[in-house]
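Residue strings, one per chain:
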Amino acid sequence: MSYYAPKAKPPGAGGGTMRAVYEKLYSNCSTFRKLHYEEVPDSYDYNSPNAANHQPAYAHSGSPYHQQSQPPVSDTGSPSSDAVMIKIETSSPIRDEQRYPKEIGKTLLALLFLALNFFLATVSLSLVHDRVPDRDTHEPLPDAFLDRVQAQDWALDVSEILIMVVVNSCVLLITFHKHRFIVMRRVFLLLSVLYMMRSLTMYVTVLPVASRTYYCSPKSNASSAGVIVKRAFQLISGMGLSINGKQIYCGDYIYSGHTVTLVLGYLVISEYSPKRFWPIHWIYWMASLTGVVMVLVAHGHYTVDVLIAYYVTTRLFWSYHTLANNSLLLKQNGNNYIGREWWYFGFRYFERNVRGPIPLQYDCPLSLPASWTKKSPKLPGRES
């Protein structure tokens, strides 16, 4: 806190009278300033009548600095100490374990949601398969890309190989991430929402088969519950990939599941790996783009399926992480909370204990034996 200091003797002014007037003006200004801002006094007015009671002349009852008795005056006529200690209560720093709790139960719950929605998507495809228009009577829909590119069946295998590479890379990254349970929980929730929406859009609008060469299993005239469940488990056993020979049902359009997996895999790698690894980010971006293009070359999806899948996946991923990294967006805004949709309350349940963006920290998921991590004793040297 800065105070006024008496200036030097004005040039041209002489005599003790002018100096006394100057010091008196400075004393009055300093006193008024301290009264107005309630500053801690730095000296006593020993000529005032209150000096006997050890109270400064400019002290007033409203000042918080003069509610207690003042220290006694020393032998030299100056107070021994008139400074006031102000104690500010500060909370202890929050450790990473409290800011980023594991909450394994919530992660398992998110995994359960993903399993249910993935099963729902396979059931939807099992029902749609019997409603797909016959290829002998219905041509593929006009498409700006498919009409200009000849179908190549090998391209679908290339796309699915790239999917396996990207997915395994994501699993490896999440496994060695320090806050792996939070990252897993977020990926499970995003995939569950994407598969839930895909199962709905796939079922409500059935499009003709885009490829003339892709094998489709014969339709069943009477699709019983047992047949539907059998198809669903057959799709789950092959993880929805044609390269495994389990994906033999047609009609899963709007939107592309291959594109969802490739785009989401790249976004996870880009978000949860160090930014200095930008060459690796570009490699996975190119791999995802190549996989999406190969799906179109194989006529596995219409172009509109790819565009919708890209838009929905990126917007959902960025919106979720924007809310997760900025908790103030979820605070009360006046009398209304931002967002009253069903997903908002689910989001708050899963993310309310995560405080701030997740740091890019990594460790081994398995605890190593103590003998491996124990440092060898330092041998005595000349300086010891």
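Residues numbered from 1 in each chain as written. Predicted model: local features only at pLDDT ≥ 70, side-chain atom pairs only at ≥ 80, totals over all residues. Heavy atoms only, no water.

Identification of the chain as Sphingomyelin synthase-like domain-containing protein from Anopheles farauti is taken from an unreviewed UniProt entry. Here is the UniProt Subcellular location (unreviewed entry) comment for the chain, exactly as written: "Membrane". Among the UniProt annotations of the chain, the heading Sequence similarities (unreviewed entry) holds the following wording: "Belongs to the sphingomyelin synthase family." (UniProt positions renumbered as here; feature names shortened; annotations may be inferred.)

Caption draft 1: Region of the structure containing the side chain of S256. Relative to the helices and strands, S256 is located in the loop between α6 (225-237) and α7 (257-272). Classification of S256 as buried rests on a relative accessible area of 0%. Dropping the residues within four chain positions of it, S256 is found in contact with R198, H301, D305, V306 and A309. (Helix = DSSP H or I, 4+ residues; strand = E, 2+ residues; numbered from the N terminus. Buried < 20%, exposed > 50% of the residue type's maximum accessible area, 1.4 Å probe, protein only. Contact = heavy atoms within 4.5 Å.)

Caption draft 2: Region of interest: the nonpolar core. Membership of the largest hydrophobic core comes to 41 residues, with the highest contact counts inside it found for L264, V268 and Y320. At 9 residues, helix α5 (residues 180-204) tops the list of elements feeding residues into this core. Among all residues touching V268, those that are not within four sequence positions of it are C170, L173, I174, V187 and F317. Within the second largest apolar cluster, 17 residues are counted, among which are L125, V128, M202 and L207. (Core = buried A, V, L, I, M, F, W, Y, C linked by side-chain atoms within 4.5 Å.)

Caption draft 3: How the structure looks around the state of the cysteines. Per the stated rule, a full pass over the model turns up 1 disulfide. Here C216 pairs with C250 through a disulfide, and the sulfurs are 1.7 Å apart. In this structure, the disulfide formed by C216 and C250 twists by about -90° around the S-S bond and is classed as left-handed. With C216 in the loop between α5 and α6 and C250 in the loop between α6 and α7, this residue pair connects regions lying 34 residues apart in the sequence. Residues C216 and C250 agree in their burial class; the two are buried. (Disulfide = S-S within 2.5 Å.)

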